[in-house]
Amino acid sequence: MGQEFVATVEGAAVAELSLKQLHLLQPDAVQRSDDEWGDTVQLHSDEEEKPNFRFFVFQHSRYAWNPTANTFTRLGGLSERTPCKELHRMSTGLSREEQIERRKVFGPNIIDVPLKSYPRLLVEEILNPFYIFQILSVTLWMLERYYYYAVCIVIISAVSICVSLYETRKQSVTLRDMVRATVCVTVRRADGSVERVDSSDLVPGDCLLIPAGDAGGAGGAGDGDGAGLGGALPLPFDAALVGGSSCIVNESMLTGESVPVTKTALEPQEASHYSAQEHQRHTLFCGTSVIQAKPGAPHTGGAGGGDGGDGFACAVVTRTGFYTAKGELVRTILYPRPIRFRFYRDAVRFVLFLAVLAAIGDIYSIVCVCVVVCVCGSVCGSVCVW
(Lines give C-alpha, C1' and ligand atoms only; values in the text may rest on other atoms or scores of the structure.)
Protein backbone atom coordinates (compact mmCIF):
# COMPACT_ATOMS: atom_id res chain seq x y z
CA MET A 1 0.00 0.00 0.00
CA GLY A 2 1.56 3.29 -1.12
CA GLN A 3 2.01 6.41 0.95
CA GLU A 4 0.25 9.67 0.21
CA PHE A 5 1.68 13.14 0.75
CA VAL A 6 0.29 16.65 0.33
CA ALA A 7 2.47 19.38 -1.21
CA THR A 8 1.81 23.05 -1.95
CA VAL A 9 2.30 24.16 -5.54
CA GLU A 10 4.21 27.44 -5.77
CA GLY A 11 4.74 29.83 -8.65
CA ALA A 12 7.49 32.13 -9.85
CA ALA A 13 7.95 34.54 -12.74
CA VAL A 14 10.86 33.26 -14.83
CA ALA A 15 12.09 34.39 -18.23
CA GLU A 16 10.44 32.16 -20.80
CA LEU A 17 13.65 31.78 -22.78
CA SER A 18 15.29 30.22 -19.71
CA LEU A 19 12.39 27.80 -19.32
CA LYS A 20 12.68 26.86 -22.98
CA GLN A 21 16.38 26.11 -22.61
CA LEU A 22 15.61 23.92 -19.59
CA HIS A 23 12.89 22.01 -21.52
CA LEU A 24 10.16 23.38 -19.23
CA LEU A 25 8.32 25.39 -21.88
CA GLN A 26 6.84 24.40 -25.20
CA PRO A 27 8.81 25.77 -28.17
CA ASP A 28 5.84 27.76 -29.48
CA ALA A 29 5.04 29.30 -26.09
CA VAL A 30 7.69 32.03 -26.20
CA GLN A 31 6.21 35.53 -26.27
CA ARG A 32 6.37 37.63 -29.42
CA SER A 33 8.55 40.65 -29.66
CA ASP A 34 7.09 44.14 -30.00
CA ASP A 35 7.70 44.15 -33.76
CA GLU A 36 5.76 40.91 -34.28
CA TRP A 37 2.55 42.22 -32.75
CA GLY A 38 1.81 44.46 -35.77
CA ASP A 39 -1.69 45.89 -35.56
CA THR A 40 -2.69 43.58 -32.69
CA VAL A 41 -3.48 45.41 -29.46
CA GLN A 42 -1.96 44.01 -26.27
CA LEU A 43 -4.62 43.81 -23.60
CA HIS A 44 -2.17 43.77 -20.68
CA SER A 45 1.21 45.32 -20.11
CA ASP A 46 4.48 43.46 -20.59
CA GLU A 47 5.62 44.70 -17.18
CA GLU A 48 3.18 42.43 -15.39
CA GLU A 49 5.03 39.43 -14.08
CA LYS A 50 2.75 36.44 -13.77
CA PRO A 51 3.96 33.12 -12.36
CA ASN A 52 4.75 31.01 -15.41
CA PHE A 53 6.88 28.49 -13.53
CA ARG A 54 4.91 26.17 -11.26
CA PHE A 55 6.61 23.75 -8.92
CA PHE A 56 6.40 22.05 -5.56
CA VAL A 57 9.10 20.84 -3.19
CA PHE A 58 9.01 17.28 -1.88
CA GLN A 59 11.82 15.83 0.21
CA HIS A 60 14.18 18.67 -0.85
CA SER A 61 13.54 18.07 -4.56
CA ARG A 62 11.71 20.44 -6.89
CA TYR A 63 9.09 19.05 -9.23
CA ALA A 64 8.29 21.49 -12.04
CA TRP A 65 5.26 21.48 -14.31
CA ASN A 66 6.17 20.28 -17.77
CA PRO A 67 3.51 21.44 -20.27
CA THR A 68 4.82 19.08 -22.94
CA ALA A 69 4.22 15.97 -20.82
CA ASN A 70 1.32 17.53 -18.83
CA THR A 71 2.82 16.38 -15.57
CA PHE A 72 5.23 17.43 -12.84
CA THR A 73 8.77 16.25 -13.49
CA ARG A 74 11.70 16.28 -11.11
CA LEU A 75 14.40 18.79 -11.96
CA GLY A 76 17.78 17.27 -12.65
CA GLY A 77 20.06 20.08 -13.73
CA LEU A 78 21.98 19.74 -16.99
CA SER A 79 22.58 16.01 -16.67
CA GLU A 80 19.52 15.12 -18.73
CA ARG A 81 18.98 15.75 -22.45
CA THR A 82 22.07 17.95 -22.74
CA PRO A 83 24.43 17.20 -25.64
CA CYS A 84 28.13 17.20 -24.85
CA LYS A 85 28.70 19.84 -27.51
CA GLU A 86 26.25 22.09 -25.69
CA LEU A 87 28.34 21.84 -22.52
CA HIS A 88 31.37 23.12 -24.44
CA ARG A 89 29.34 26.04 -25.76
CA MET A 90 28.36 26.82 -22.16
CA SER A 91 32.04 27.32 -21.29
CA THR A 92 31.60 30.96 -22.29
CA GLY A 93 29.60 31.42 -19.07
CA LEU A 94 26.21 32.80 -18.10
CA SER A 95 25.23 36.42 -17.72
CA ARG A 96 24.20 37.68 -14.30
CA GLU A 97 20.59 38.00 -15.47
CA GLU A 98 20.51 34.41 -16.71
CA GLN A 99 22.04 33.20 -13.45
CA ILE A 100 19.31 34.98 -11.45
CA GLU A 101 16.58 33.42 -13.61
CA ARG A 102 18.01 29.92 -13.23
CA ARG A 103 18.35 30.41 -9.49
CA LYS A 104 14.58 30.91 -9.37
CA VAL A 105 14.19 27.51 -11.01
CA PHE A 106 16.78 25.42 -9.16
CA GLY A 107 17.04 27.35 -5.90
CA PRO A 108 20.23 27.98 -3.92
CA ASN A 109 23.15 25.59 -4.11
CA ILE A 110 22.94 24.45 -0.49
CA ILE A 111 22.54 21.02 1.07
CA ASP A 112 20.80 22.01 4.26
CA VAL A 113 19.73 19.28 6.67
CA PRO A 114 16.68 20.42 8.69
CA LEU A 115 16.91 20.10 12.45
CA LYS A 116 13.79 18.92 14.27
CA SER A 117 12.93 20.65 17.52
CA TYR A 118 12.98 18.76 20.82
CA PRO A 119 9.16 18.89 21.22
CA ARG A 120 8.70 17.33 17.78
CA LEU A 121 11.29 14.66 18.50
CA LEU A 122 9.59 13.98 21.83
CA VAL A 123 6.20 13.49 20.18
CA GLU A 124 7.67 11.17 17.55
CA GLU A 125 9.47 9.17 20.24
CA ILE A 126 6.44 8.86 22.51
CA LEU A 127 4.28 7.69 19.60
CA ASN A 128 6.56 4.68 19.28
CA PRO A 129 4.47 1.49 19.83
CA PHE A 130 6.82 0.40 22.62
CA TYR A 131 6.27 3.53 24.70
CA ILE A 132 2.52 3.45 24.05
CA PHE A 133 2.54 -0.08 25.49
CA GLN A 134 4.55 1.19 28.47
CA ILE A 135 2.01 3.96 29.13
CA LEU A 136 -0.88 1.50 29.10
CA SER A 137 1.05 -0.91 31.31
CA VAL A 138 1.90 1.80 33.85
CA THR A 139 -1.75 2.85 33.94
CA LEU A 140 -2.82 -0.74 34.66
CA TRP A 141 -0.17 -1.13 37.39
CA MET A 142 -1.29 2.09 39.04
CA LEU A 143 -4.88 0.84 39.09
CA GLU A 144 -3.67 -2.39 40.67
CA ARG A 145 -1.75 -0.33 43.29
CA TYR A 146 1.73 -1.45 42.12
CA TYR A 147 2.97 2.08 42.73
CA TYR A 148 6.68 1.40 43.27
CA TYR A 149 6.96 -0.81 40.20
CA ALA A 150 5.07 1.72 38.06
CA VAL A 151 7.27 4.60 39.24
CA CYS A 152 10.44 2.63 38.42
CA ILE A 153 9.19 1.90 34.91
CA VAL A 154 8.31 5.58 34.42
CA ILE A 155 11.79 6.69 35.51
CA ILE A 156 13.54 4.15 33.28
CA SER A 157 11.39 5.09 30.28
CA ALA A 158 11.98 8.82 30.86
CA VAL A 159 15.76 8.35 30.98
CA SER A 160 15.63 6.21 27.82
CA ILE A 161 13.60 8.88 25.99
CA CYS A 162 15.99 11.67 27.04
CA VAL A 163 19.04 9.73 25.87
CA SER A 164 17.34 8.89 22.57
CA LEU A 165 16.39 12.55 21.99
CA TYR A 166 19.94 13.71 22.72
CA GLU A 167 21.53 11.14 20.39
CA THR A 168 19.07 11.86 17.57
CA ARG A 169 19.61 15.60 17.83
CA LYS A 170 23.38 15.18 17.99
CA GLN A 171 23.41 13.00 14.88
CA SER A 172 21.30 15.55 12.98
CA VAL A 173 23.65 18.39 13.93
CA THR A 174 26.70 16.32 12.95
CA LEU A 175 25.17 15.44 9.59
CA ARG A 176 24.23 19.06 8.91
CA ASP A 177 27.71 20.36 9.72
CA MET A 178 29.31 17.62 7.62
CA VAL A 179 27.31 18.12 4.42
CA ARG A 180 26.84 21.90 4.48
CA ALA A 181 29.78 23.52 2.70
CA THR A 182 30.05 26.87 0.93
CA VAL A 183 33.22 28.13 -0.73
CA CYS A 184 34.23 31.11 -2.82
CA VAL A 185 34.77 30.20 -6.48
CA THR A 186 35.75 31.92 -9.73
CA VAL A 187 33.26 31.92 -12.60
CA ARG A 188 33.35 33.28 -16.13
CA ARG A 189 30.58 35.54 -17.36
CA ALA A 190 29.10 35.73 -20.85
CA ASP A 191 30.83 39.06 -21.48
CA GLY A 192 34.25 37.47 -20.87
CA SER A 193 34.76 38.90 -17.38
CA VAL A 194 35.80 36.85 -14.37
CA GLU A 195 33.91 37.13 -11.10
CA ARG A 196 34.29 35.74 -7.60
CA VAL A 197 31.01 34.42 -6.20
CA ASP A 198 29.82 32.29 -3.33
CA SER A 199 29.14 28.67 -4.24
CA SER A 200 25.59 28.95 -2.90
CA ASP A 201 24.81 31.28 -5.84
CA LEU A 202 25.92 28.79 -8.51
CA VAL A 203 23.37 27.37 -10.94
CA PRO A 204 23.57 24.68 -13.62
CA GLY A 205 25.32 26.18 -16.63
CA ASP A 206 27.82 28.35 -14.75
CA CYS A 207 31.39 28.16 -16.03
CA LEU A 208 33.82 27.43 -13.20
CA LEU A 209 37.53 28.26 -13.42
CA ILE A 210 39.85 25.99 -11.42
CA PRO A 211 43.37 27.33 -10.84
CA ALA A 212 46.24 25.37 -12.32
CA GLY A 213 48.82 23.62 -10.23
CA ASP A 214 48.32 22.56 -6.61
CA ALA A 215 44.75 23.54 -5.77
CA GLY A 216 45.62 24.08 -2.14
CA GLY A 217 48.48 26.38 -3.01
CA ALA A 218 46.77 28.31 -5.77
CA GLY A 219 44.34 29.99 -3.46
CA GLY A 220 42.24 28.65 -0.64
CA ALA A 221 38.53 28.34 -1.08
CA GLY A 222 37.77 29.74 2.32
CA ASP A 223 39.96 32.86 2.20
CA GLY A 224 39.17 36.06 0.40
CA ASP A 225 42.40 36.30 -1.60
CA GLY A 226 42.35 32.89 -3.25
CA ALA A 227 41.79 32.44 -6.93
CA GLY A 228 39.83 29.25 -6.90
CA LEU A 229 39.03 26.14 -4.97
CA GLY A 230 40.95 24.97 -1.97
CA GLY A 231 42.21 21.42 -1.89
CA ALA A 232 41.07 20.93 1.71
CA LEU A 233 37.41 21.72 1.03
CA PRO A 234 35.01 19.58 -1.04
CA LEU A 235 33.34 20.75 -4.21
CA PRO A 236 29.73 21.72 -3.36
CA PHE A 237 28.40 20.93 -6.86
CA ASP A 238 28.63 18.49 -9.75
CA ALA A 239 30.47 19.75 -12.81
CA ALA A 240 31.65 18.46 -16.18
CA LEU A 241 35.30 19.14 -16.97
CA VAL A 242 35.34 20.70 -20.44
CA GLY A 243 38.66 22.56 -20.48
CA GLY A 244 42.14 21.72 -19.27
CA SER A 245 44.39 18.74 -19.54
CA SER A 246 43.34 16.87 -16.38
CA CYS A 247 42.39 17.21 -12.71
CA ILE A 248 43.48 15.00 -9.84
CA VAL A 249 40.52 14.52 -7.50
CA ASN A 250 40.12 12.91 -4.09
CA GLU A 251 36.82 10.98 -4.08
CA SER A 252 37.29 9.22 -0.75
CA MET A 253 34.19 10.82 0.77
CA LEU A 254 31.89 9.32 -1.87
CA THR A 255 33.59 6.05 -2.80
CA GLY A 256 35.83 5.37 0.21
CA GLU A 257 38.79 4.94 -2.15
CA SER A 258 41.90 6.61 -0.75
CA VAL A 259 43.73 6.69 -4.11
CA PRO A 260 43.17 9.97 -6.02
CA VAL A 261 41.40 9.76 -9.36
CA THR A 262 42.43 11.55 -12.55
CA LYS A 263 39.67 13.37 -14.44
CA THR A 264 40.11 14.36 -18.08
CA ALA A 265 38.27 16.98 -20.11
CA LEU A 266 35.19 16.03 -22.09
CA GLU A 267 35.91 15.86 -25.80
CA PRO A 268 34.05 18.51 -27.84
CA GLN A 269 33.51 15.97 -30.62
CA GLU A 270 31.43 13.78 -28.29
CA ALA A 271 28.08 13.31 -30.06
CA SER A 272 26.18 11.64 -27.23
CA HIS A 273 24.19 13.27 -24.47
CA TYR A 274 25.94 13.99 -21.20
CA SER A 275 25.37 11.54 -18.36
CA ALA A 276 27.12 11.67 -15.00
CA GLN A 277 27.23 7.87 -14.88
CA GLU A 278 28.52 7.30 -18.41
CA HIS A 279 31.00 10.20 -18.23
CA GLN A 280 32.34 9.63 -14.72
CA ARG A 281 35.95 10.19 -15.76
CA HIS A 282 34.96 13.66 -17.01
CA THR A 283 32.76 14.60 -14.01
CA LEU A 284 33.73 16.38 -10.80
CA PHE A 285 31.30 15.18 -8.16
CA CYS A 286 30.02 17.11 -5.19
CA GLY A 287 31.88 16.23 -2.00
CA THR A 288 35.16 15.50 -3.77
CA SER A 289 38.28 17.65 -3.49
CA VAL A 290 40.48 18.95 -6.28
CA ILE A 291 44.10 18.21 -5.45
CA GLN A 292 45.76 19.38 -8.66
CA ALA A 293 44.57 20.87 -11.95
CA LYS A 294 46.41 21.09 -15.27
CA PRO A 295 45.20 23.63 -17.84
CA GLY A 296 45.17 22.90 -21.53
CA ALA A 297 46.76 24.88 -24.30
CA PRO A 298 45.34 28.42 -24.29
CA HIS A 299 43.10 29.18 -27.23
CA THR A 300 40.31 31.63 -27.83
CA GLY A 301 36.70 30.54 -28.07
CA GLY A 302 37.33 27.13 -26.53
CA ALA A 303 36.53 25.57 -23.25
CA GLY A 304 39.69 26.62 -21.54
CA GLY A 305 40.52 29.81 -23.39
CA GLY A 306 38.97 33.19 -23.81
CA ASP A 307 39.38 36.16 -21.52
CA GLY A 308 40.42 35.02 -18.09
CA GLY A 309 40.81 31.38 -19.20
CA ASP A 310 44.63 31.16 -19.33
CA GLY A 311 46.09 29.17 -16.45
CA PHE A 312 42.76 27.67 -15.48
CA ALA A 313 40.94 24.42 -15.99
CA CYS A 314 37.32 24.96 -16.99
CA ALA A 315 34.27 23.06 -15.75
CA VAL A 316 30.55 23.60 -16.35
CA VAL A 317 28.26 23.15 -13.36
CA THR A 318 25.68 20.46 -14.14
CA ARG A 319 23.86 19.86 -10.85
CA THR A 320 23.55 21.76 -7.59
CA GLY A 321 22.11 21.25 -4.12
CA PHE A 322 20.23 18.03 -3.46
CA TYR A 323 20.40 17.11 -7.17
CA THR A 324 24.12 16.30 -6.89
CA ALA A 325 25.56 12.89 -6.13
CA LYS A 326 26.25 13.96 -2.56
CA GLY A 327 22.77 15.47 -2.26
CA GLU A 328 21.16 12.22 -3.39
CA LEU A 329 23.17 10.36 -0.76
CA VAL A 330 21.97 12.77 1.94
CA ARG A 331 18.37 12.38 0.75
CA THR A 332 18.58 8.60 1.16
CA ILE A 333 19.77 9.17 4.75
CA LEU A 334 17.01 11.66 5.57
CA TYR A 335 14.22 9.79 3.80
CA PRO A 336 15.01 6.07 3.70
CA ARG A 337 12.62 3.69 2.06
CA PRO A 338 10.16 2.16 4.56
CA ILE A 339 11.28 -1.31 5.60
CA ARG A 340 8.53 -3.78 6.37
CA PHE A 341 9.73 -6.67 8.54
CA ARG A 342 7.64 -9.81 8.65
CA PHE A 343 8.21 -10.05 12.41
CA TYR A 344 6.74 -6.57 12.93
CA ARG A 345 3.75 -7.38 10.73
CA ASP A 346 3.08 -10.65 12.60
CA ALA A 347 3.49 -8.87 15.94
CA VAL A 348 0.84 -6.31 14.95
CA ARG A 349 -1.52 -9.13 13.94
CA PHE A 350 -0.90 -10.88 17.26
CA VAL A 351 -1.64 -7.71 19.23
CA LEU A 352 -4.84 -7.16 17.25
CA PHE A 353 -5.86 -10.76 17.96
CA LEU A 354 -5.28 -10.24 21.67
CA ALA A 355 -7.27 -6.99 21.50
CA VAL A 356 -10.20 -8.86 19.94
CA LEU A 357 -10.03 -11.52 22.67
CA ALA A 358 -9.92 -8.81 25.34
CA ALA A 359 -12.93 -7.07 23.79
CA ILE A 360 -14.86 -10.36 23.75
CA GLY A 361 -13.93 -10.94 27.39
CA ASP A 362 -15.07 -7.44 28.35
CA ILE A 363 -18.38 -7.90 26.58
CA TYR A 364 -18.87 -11.27 28.30
CA SER A 365 -18.10 -9.74 31.70
CA ILE A 366 -20.49 -6.85 31.14
CA VAL A 367 -23.28 -9.22 30.07
CA CYS A 368 -22.68 -11.44 33.11
CA VAL A 369 -22.80 -8.46 35.47
CA CYS A 370 -26.03 -7.24 33.90
CA VAL A 371 -27.60 -10.70 34.21
CA VAL A 372 -26.54 -11.00 37.84
CA VAL A 373 -27.92 -7.56 38.67
CA CYS A 374 -31.23 -8.36 37.00
CA VAL A 375 -31.54 -11.72 38.76
CA CYS A 376 -30.64 -10.23 42.14
CA GLY A 377 -33.14 -7.43 41.60
CA SER A 378 -35.88 -9.91 40.74
CA VAL A 379 -35.12 -12.12 43.77
CA CYS A 380 -35.08 -9.18 46.14
CA GLY A 381 -38.40 -7.95 44.77
CA SER A 382 -39.99 -11.39 45.20
CA VAL A 383 -38.77 -11.63 48.83
CA CYS A 384 -40.15 -8.24 49.67
CA VAL A 385 -43.57 -9.11 48.21
CA TRP A 386 -43.66 -12.38 50.11
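The structure displayed is predicted, hence computed values, not measured ones.

(A) Representation of the pattern of salt bridges within the structure. Summed over all chains, the structure comprises 14 salt bridges. Of the charged contacts in the structure, one is a salt bridge between Arg102 and Glu98, with a shortest N-O distance of 2.9 Å. Here Glu98 and Arg102 lie together in helix H3 (residues 96-106), a separation of 4 residues that amounts to about one turn. The class for Glu98 is buried, based on a relative accessible area of 16%. Residue Lys116 is joined to Glu124 by a salt bridge in which the shortest nitrogen-to-oxygen separation is 3.4 Å. By relative accessible area, which is 37% here, Glu124 ends up partly exposed. The structure contains a network of salt bridges with shared partners spanning Arg96, Arg189, Glu195 and Asp206.

(B) Local environment of the sheet that holds strand S14 (residues 312-320). Read across the open sheet, the 6 strands follow the order S6-S5-S7-S14-S9-S12; overall the sheet is antiparallel. Lying at the two open borders of the sheet, with one neighbouring strand each, are strand S6 (194-198) and strand S12 (283-284). Here 6 bridges tie strand S9 (residues 237-243) to S14, and the two strands are oriented antiparallel to one another. Bridged to Phe237 within S14 is Thr320.

(C) Highlighting the packing of helix H4 (residues 118-126) against helix H6 (residues 147-179). Between H4 and H6, whose axes approach to 10 Å, the crossing angle comes to 125°. Considering the angle they form, H4 stands oblique to H6. The way H4 lies across H6 gives a crossing that is right-handed. Contact with H4, carried on its side by Tyr118, Leu121, Leu122, Glu125 and Ile126, involves Ile161, Ser164, Leu165, Thr168 and Arg169 of H6 and no other residues of that element. Looking at the contact of H4 with H6, its residues break down into 6 nonpolar, 2 polar and 2 charged.

(D) Examining the side chain of Asp206 more closely. Mapped onto the elements, Asp206 comes out in the loop between S6 and strand S7 (207-211). A polar side-chain atom of Asp206 sits 3.0 Å from a polar atom in the side chain of Gln99. A distance of 3.0 Å separates the side chain of Asp206 from the backbone nitrogen of Val203, its partner in a polar contact. Excluding residues that lie within four positions of it along the chain, Asp206 makes contacts with Leu94, Gln99, Arg189, Asp201, Ala315, Val316 and Val317.

(E) Representation of the packing of aromatic side chains. Taken as a whole and judged by the stated rule, the model has 4 aromatic pairs. Ring centres of Phe56 and Phe72 lie 5.1 Å apart, and the angle between their planes is 70°; on these two criteria the pair is classed as edge-to-face. With Phe56 in strand S2 (residues 53-58) and Phe72 in strand S4 (residues 71-74), this residue pair connects regions lying 16 residues apart in the sequence. Here the aromatic rings of Trp65 and Phe72 are separated by 5.1 Å at their centres, their planes lie at 65°, and the arrangement is edge-to-face. Put simply, the rings of Phe56, Tyr63, Trp65 and Phe72 pair up and form one aromatic cluster.

(F) The arrangement of empty space enclosed by the protein in detail. This structure, assessed with the given rule, holds 1 cavity of 30 Å³ or more. A volume near 70 Å³ is recorded for the largest cavity.

(G) H3, seen in detail. Of all the residues in H3, the buried ones are Glu98, Gln99, Glu101, Arg102, Val105 and Phe106. Angular distribution of buried residues about the axis of H3 spans 165°; they occupy a single face of the element.

(H) Quick peek at a nonpolar patch on the surface. On the surface, a nonpolar cluster with roughly 680 Å² of combined accessible area is contributed by Phe350, Val351, Phe353, Leu354, Val356, Leu357 and Ile360. Take Val351: it is sitting in helix H9 (residues 342-385). Of the residues examined, Val351 reaches a relative accessible area of 51% and is grouped as exposed.

(I) Focus on the packing of helix H5 (residues 129-143) against H6. Running from N to C, H5 and H6 cross one another at 160°; their axes reach a closest spacing of 8 Å. Considered as vectors, H5 and H6 are oriented roughly antiparallel to each other. In the crossing of H5 with H6, the sense of the turn from one axis to the other is left-handed. Facing H5, whose interface residues are Tyr131, Gln134, Val138, Trp141 and Met142, H6 presents Tyr147, Tyr149, Ala150, Ile153, Val154, Ser157, Ser160 and Ile161. A breakdown of the residues in the contact of H5 with H6 according to their chemical character gives 10 nonpolar, 3 polar and no charged.

Thresholds, definitions, all that
- Residues numbered from 1 in each chain as written.
- Predicted model: local features only at pLDDT ≥ 70, side-chain atom pairs only at ≥ 80, totals over all residues.
- Heavy atoms only, no water.
- Salt bridge = Lys/Arg side-chain N within 4 Å of Asp/Glu carboxyl O.
- Helix = DSSP H or I, 4+ residues; strand = E, 2+ residues; numbered from the N terminus.
- Buried < 20%, exposed > 50% of the residue type's maximum accessible area, 1.4 Å probe, protein only.
- Pairing = 2+ DSSP bridges.
- Axes fitted to C-alpha atoms, helices over the stretch in contact; angles between N-to-C directions.
- Parallel < 35°, antiparallel > 145°, perpendicular 65-115°, else oblique.
- Left-handed = near helix turned anticlockwise from the far one by under 90°.
- Contact = heavy atoms within 4.5 Å.
- Nonpolar A, V, L, I, M, F, W, Y, C, P; charged D, E, K, R; others polar.
- Polar contact = N/O pair within 3.5 Å; in protein donor to acceptor, adjacent residues only side chain to side chain.
- Phe/Tyr/Trp six-rings, centres within 6.5 Å; stacked < 30°, edge-to-face > 60°.
- 1 Å grid on protein atoms, 1.4 Å probe; cavity = no way out; pocket = protein on both sides within 12 Å on 5 of 7 lines; lining within 4 Å.
- Points joined across faces, edges and corners; volume = space filled by probe spheres on them.
- Arc of directions from axis to C-beta.
- Patch = residues over 30% accessible without salt bridge, like charges linked within 9 Å, V, L, I, M, F, W, Y side chains within 5 Å.
- Areas by Shrake-Rupley, 256 points an atom, 1.4 Å probe, with all protein chains shown as cover.

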